[in-house]
Amino acid sequence: MRYSALQILRQGLTGNRGWKPVWREPDPKPHYDIVIVGGGGHGLATAYYLATVHGLTDVAVLEKGWLGSGNVGRNTTIIRSNYLLPGNEPFYELSLQLWEGLEQDFNYNAMVSQRGIVNLYHSDGQRDAAARRGNAMLLAGADAVLLDREALQRKCPYLDFDNERFPIKGGLYQPRGGTVRHDAVAWGYARGADRRGVDLIQNCEVTGFDIRDGVCRGVETSRGAIGADRVAVCVAGSSGRVMGYAGLRLPIESHVLQAFVTEGLKPAIPGVITFGAGHFYVSQSDKGGLVFGGDIDGYNSYAQRGNLPTLEDVCEGGMALMPMIGRARILRIWGGLVDMSMDGSPFIDKTPVDGLLFNGGWNYGGFKATPASGYCYAHLIATGAPHPVAAEMRLDRFERGAAIDEKGAGAQPNLH
Amino acid sequence: MLIDHPLLGPRDAAEFVILGDAGLIDRPDWQAEDAARLFHDYQHLRDNPAGGHRELWFHEQGDRSWLVVTRNTVTHEIVKVELARDVAIARERDR
Ligand SMILES: Cc1cc2nc3c(=O)[nH]c(=O)nc-3n(C[C@H](O)[C@H](O)[C@H](O)COP(=O)(O)OP(=O)(O)OC[C@H]3O[C@@H](n4cnc5c(N)ncnc54)[C@H](O)[C@@H]3O)c2cc1C
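Just so it is clear, the structure is predicted and the values come from calculations on it, not from any experiment.

Chemist: Just checking my understanding: could you explain the sheet that holds strand S6 (residues 78–83) of chain B for this structure?
Modeler: Through backbone hydrogen bonds, the strands of a sheet pair up, either in parallel or in antiparallel fashion. Residues and elements named next belong to chain B. Across the sheet, four strands lie side by side as S3-S4-S5-S6; this open sheet has antiparallel pairing. Two strands in the sheet have a free side with no partner beyond their single neighbour: strand S3 (17–21) and S6. Each strand of the sheet is rotated relative to its neighbour by a mean of 30 degrees, with strand direction disregarded. Direction of pairing for strand S5 (residues 66–72) relative to S6: antiparallel, over a ladder of five bridges. Bridge assignment links Val68 to a residue of S6, and that residue is Glu82.

Chemist: Is there a simple way to explain the site of the ligand in this structure?
Modeler: Residue and element names in this part refer to chain A. The environment of the ligand is made up of 37 residues, and the closest members are Glu63, Asn71, Val72, Thr76 and Lys368. Between the ligand and the protein, one listed contact pairs an oxygen atom with a side-chain N or O atom of Thr76 at 2.8 Å. Lys368 places a main-chain nitrogen or oxygen 2.7 Å from an oxygen atom of the ligand. Surface burial for the ligand is 96%, taken as the share of its 1000 Å² of free accessible area covered by protein chains.

Chemist: Explanation requested: the packing of helix H3 (residues 89–106) of chain A against helix H6 (residues 182–195) of chain A in the structure shown.
Modeler: Each pair of packed helices can be summarised by the angle the axes make with each other and by the distance between the axes. All names here are of chain A. Remark: H3 packs on H6, axes separated minimally by 10 Å, with the N-to-C direction vectors making an angle of 50 degrees. The orientation of H3 with respect to H6, classified from their angle, is oblique. Here H3 runs over H6; the crossing is left-handed. Taken together, the residues of H6 that come into contact with H3 (itself represented by Trp99, Leu102 and Phe106) are Ala184, Val185, Gly188, Tyr189 and Arg191.

Chemist: Sorry if this is basic, but what is going on with the side chain of Thr370(A) here?
Modeler: Position of Thr370(A) relative to the elements: it lies in helix H9 (residues 370–383). Excluding residues that lie within four positions of it along the chain, Thr370(A) makes contacts with Gly41(A), His42(A), Ala45(A), Ser95(A), Trp99(A), Val185(A) and Tyr189(A).

Chemist: I would appreciate a short explanation of the nonpolar core in the present structure.
Modeler: Within soluble globular proteins, side chains that are nonpolar generally end up buried alongside one another. Residue and element names in this part refer to chain A. If you look at the biggest cluster of nonpolar residues, it comprises 52 residues, and the most contacted ones within it are Ile36, Phe91, Trp99, Tyr189 and Ile348. Elements that contribute at least two residues to this core include exactly strand S1 (31–37), helix H2 (41–52), strand S2 (59–62), H3, H6 and H9. Here the element with the most residues in this core is H3; it accounts for eight residues. Counting residues in hydrophobic clusters, the runner-up holds 29 residues, among them Val35, Phe209, Leu248 and Leu395.

Chemist: What exactly am I supposed to notice about the pattern of salt bridges here?
Modeler: Residues and elements named next belong to chain A. By the definition in use, this model includes 25 salt bridges over all chains. With its nearest N and O atoms 3.0 Å apart, the salt bridge here joins Arg149 to Asp162. Here Asp162 lies in the loop between helix H5 (149–155) and strand S6 (170–174) and Arg149 lies in helix H5, a separation of 13 residues in the sequence. A residue is classified by how much of its surface remains accessible, and Arg149, at 24% relative accessible area, is partly exposed.

Chemist: Explain the environment of Pro323(A) to me, please; I cannot follow it from the model alone.
Modeler: All names here are of chain A. Of note, Pro323 is situated in the loop between helix H8 (308–321) and strand S16 (330–341). Sequence separation between Pro323 and Tyr158 is 165 residues, and the spatial gap between their C-alpha atoms is 8.1 Å. In contact with Pro323, other than residues within four places in its own chain, are Tyr158, Asp160 and Gly318.

Chemist: Sorry, what's going on with the layout of surface pockets here?
Modeler: In this approach, a probe sized like a water molecule rolls over the atoms, and the result shows the empty space that is left. Residue and element names in this part refer to chain A. Taken as a whole, the second largest pocket encloses approximately 600 Å³ of empty space. For the second largest pocket, the lining is made up of 26 residues, of which His182, Ser285, Lys287, Val291 and Arg332 are closest to its centre. Going through the elements one at a time, H6, strand S12 (252–264), strand S14 (280–284), strand S15 (289–300) and S16 are the ones with two or more residues in the lining of the second largest pocket. It is S12 that contributes the most residues to the lining of the second largest pocket, four residues altogether. Both of domain 1 (24–81 + 83–108 + 182–251 + 343–415) and domain 2 (117–176 + 254–341) provide at least three residues apiece to the lining of the second largest pocket.

Chemist: How should I be thinking about the interface of chain A and chain B in this particular structure?
Modeler: Bring the parts together and some accessible area is lost; that lost area is often taken as the interface size. Between chain A and chain B, the contact holds 23 residues from the first and 21 residues from the second. Carbon and sulfur atoms supply 50% of the area that chain A and chain B bury against each other, a total of about 2000 Å² over both sides. The largest share of the area that chain A buries against chain B comes from Arg249(A), Asn300(A) and Tyr302(A), three residues that together contribute 31% of it. Connecting chain A to chain B are two salt bridges. With its nearest N and O atoms 3.2 Å apart, the salt bridge here joins Arg46(B) to Glu253(A). Connecting chain A to chain B are eleven residue pairs in polar contact (both at pLDDT 80 or more). Where the side of chain A that touches chain B is concerned, the elements lending two or more residues are helix H7 (239–244), S12 and S15 of chain A.

Chemist: Quick question: what am I supposed to make of helix H1 (residues 35–44) of chain B here?
Modeler: In an α-helix, one turn spans 3.6 residues, which is why side chains three or four residues apart end up on the same side. Among the residues making up H1(B), those that are buried are Ala35(B), His40(B), Tyr42(B) and His44(B). Contacts made by the buried residues of H1(B) are with S12 of chain A.

Chemist: Looking at this model, I keep getting lost on the confidence of the model for chain B. Mind explaining?
Modeler: Summing up the model confidence of chain B, the mean pLDDT is 95 and the portion of residues at 70 or higher is 99%. Note on the complex model: pTM 0.97, ipTM 0.95.

Chemist: How should I be thinking about a nonpolar patch on the surface in this particular structure?
Modeler: A cluster of nonpolar side chains, Met1(A), Ile8(A) and Trp19(A), forms an exposed patch at the surface whose accessible area comes to about 300 Å². Mapped onto the elements of the fold, Met1(A) is located in the segment before helix H1 (5–13).

Chemist: Sorry if this is basic, but what is going on with the environment of Gly39(A) here?
Modeler: Following the sequence through the fold, Gly39(A) ends up in the loop between S1 and H2. Setting aside residues no more than four positions away along its own chain, Gly39(A) makes contact with Leu44(A), Val61(A), Leu62(A), Glu63(A), Leu67(A) and Gly68(A).

Chemist: Teacher, can you tell me more about the domain arrangement of chain A here?
Modeler: Residues and elements named next belong to chain A. Partitioning chain A into domains gives domain 1 (24–81 + 83–108 + 182–251 + 343–415) and domain 2 (117–176 + 254–341). For domain 1 and domain 2, the distance between their C-alpha centroids amounts to 27 Å. Contacts between domain 1 and domain 2 engage 34 residues on the former and 30 residues on the latter. Taken over both partners, the interface formed by domain 1 and domain 2 buries close to 2700 Å², and the fraction arising from carbon and sulfur atoms is 53%. Counting the surface domain 1 buries against domain 2, the share from its top three residues, Arg74, Thr76 and Leu84, is 23%. Across the domain 1-domain 2 interface, the total number found is three salt bridges.

Definitions and cut-offs
Going along each chain's sequence as written, the residues are numbered from 1 onward. Written order decides the labels, with chains lettered from A and ligands numbered from 1. Local features in a predicted model are, by the rule used here, given only for residues with pLDDT of at least 70; side-chain atom pairs are given and counted only at 80 or more, and totals for whole chains, interfaces and linings are based on all residues. Heavy atoms from the whole structure form the basis of all side-chain values; hydrogens and water molecules are not counted. By this definition, two strands are paired if DSSP reports at least two bridges between them. Helix and strand definitions follow DSSP, with helices as H or I runs of at least four residues and strands as E runs of at least two, each counted in order from the N terminus. The axes are straight lines fitted to the C-alpha atoms, using for helices just the contacting stretch, and the angles between their N-to-C directions are given from 0 to 180°. The near set for a molecule or strand comprises every residue that places at least one heavy atom within 4 Å of it. What qualifies as a polar contact is a pair of N or O atoms within 3.5 Å, subject to a donor-acceptor requirement within protein and to the restriction that residues adjacent in sequence count only when both atoms come from side chains. In these tables, accessible area is a Shrake-Rupley quantity obtained with a 1.4 Å probe, and a residue counts as shielded only by the protein chains included in the view. Here roughly perpendicular refers to angles of 65 to 115 degrees, roughly parallel to angles under 35, roughly antiparallel to angles over 145, and oblique to all remaining angles. Left-handed describes a crossing in which the near helix is turned anticlockwise from the far one by less than a right angle; the clockwise case is right-handed. Should any heavy atoms of two residues lie within 4.5 Å, those residues are considered in contact. What we call a nonpolar core is a set of buried Ala, Val, Leu, Ile, Met, Phe, Trp, Tyr and Cys residues that are connected through their side-chain atoms within 4.5 Å. Categorising residues by exposure relies on relative accessible area from a 1.4 Å probe, with only protein chains included: less than 20% of the type maximum marks a residue as buried, more than 50% marks it as exposed, and the intermediate range marks it as partly exposed. The salt bridge criterion pairs a side-chain nitrogen of Lys or Arg with a carboxyl oxygen of Asp or Glu, the two atoms within 4 Å. Method remark: on a 1 Å grid restricted to protein atoms, a set of points is classed as a cavity if a 1.4 Å probe fits but cannot get out and as a pocket if it is open with protein on both sides within 12 Å along at least five of seven lines; lining residues have an atom within 4 Å of a point. Grid points are joined across faces, edges and corners, and a volume is the space filled by probe spheres set on the points. Each domain's extent is set by a domain assignment, obtained either automatically or from a database. In this description, buried area is defined as the sum, over both parts, of the accessible area (probe of 1.4 Å) that is lost when the two are combined. pLDDT is a residue-level measure of predictor confidence that goes from 0 to 100. To count toward a patch, a residue needs a relative accessible area above 30% and no salt bridge. Like charges then connect within 9 Å, nonpolar side chains (Val, Leu, Ile, Met, Phe, Trp, Tyr) within 5 Å.

Here you go:
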């Protein structure tokens, strides 16, 4: 069924009896051309673009829980393309362009809202760095505006501009950045893939690979063995665990990142504000809750929940940036597994095992990447060659001295 | 999390910073034939297990000693804490 305003009207007048489940629940077939491991945003987007761009539909997505039970449903929904390095920026700009056309493309309301994102700066040195980043963004076809203190004050008068430690001097603004309703992204891609014949198989955990003579011929799962010509893994925070079944060690550590939401409040925050110096960022959801977060907890974790010192640290950052937040009450907190890589940048690549591909290392920022990640992974799976904008995102880049290290923090995952 | 420091007793984990996998104690031999590959693997590749994990913590806001903490990454339970110094000396002895 195609969704439209007319459809809502028609269903409304006929007692809403015509709505159908959004996807089928098929049993796994014994063999597929392509098996995608992980039904998060990236896995579902990959299936969608395999079907729509490459016409490949003998595809299954295997998800150990329910679709969207991982980070795609746990993130703070920020999209942006304000990266600096040539290995990253064209990729994230492609992603932002795909976001801009996504809802029309997959006929689903994902509430893509380009409400703007601003990264604050506090010193002359940081202003220079922001200008340089803005120029790199413009060169890659993105948008960037350097705001001075007055311009920022007009947007967000309540920030603590005269903070003793981090006085706010302005910010790098990307008007096209914003937020998206994360669950709807998973559902929209899932529905689009399912309608084209992709099997979405839930409660199906991959527990091993069928590797013979260096060639991957399928997967073992909690619902039996499934054969495949190509197996494409994208399990985000579980990357180390799953690729371990194939005997591969990765340049990745799994960590926990927390998010926090307050009670609903009247509109106060126009877009997304990031306060890097204070390890804090915030936006306001359409329901009015302030959605905010900060650093990862810092230690390896597969627990999907964090600890209180981080909550305290994040809230201190919030108080330093906008003291009025002290009046808000936190309603919900949760954590998700993030696949922190050695240079803070991701991988979309083949592996040393023939027929086994890997997508991961998204750190705390893979939601914005969802469309381009799926698009480029589908390209690699279908053609065997990396998409030009993802050509640097290779597993061997450290060996070649070609790390993509936006922060310059080195091989220390918890600092990126 | 509380880390039971071998010298100081239970301390709040917030007093520490974590470096990562305790395998970082085992620096490869720089004179080995394949030293470049060994250092690449040492520096960049991780087992990243779900479960028991031996890791290096530094008591930055305390006595500034390095510890090897054995911790479960699924439950966050800390099962063993040793001075990294003792671990390193014991490994030398085993060589
Ligand atoms: C608190 C938090 C806030 C974040 N905020 C932002 C943000 O504002 N902007 C942004 O761009 N990014 C953000 N991120 C990062 C972003 O959410 C992730 O990088 C991204 O969602 C990862 O890709 P994914 O959607 O495919 O992952 P997931 O949704 O985690 O998908 C992976 C799937 O693989 C499944 N799986 C794992 N093991 C197996 C197995 N053995 N067999 C079968 N299936 C398996 C999991 O169940 C899961 O559903 C945030 C992350 C967190 C945790």
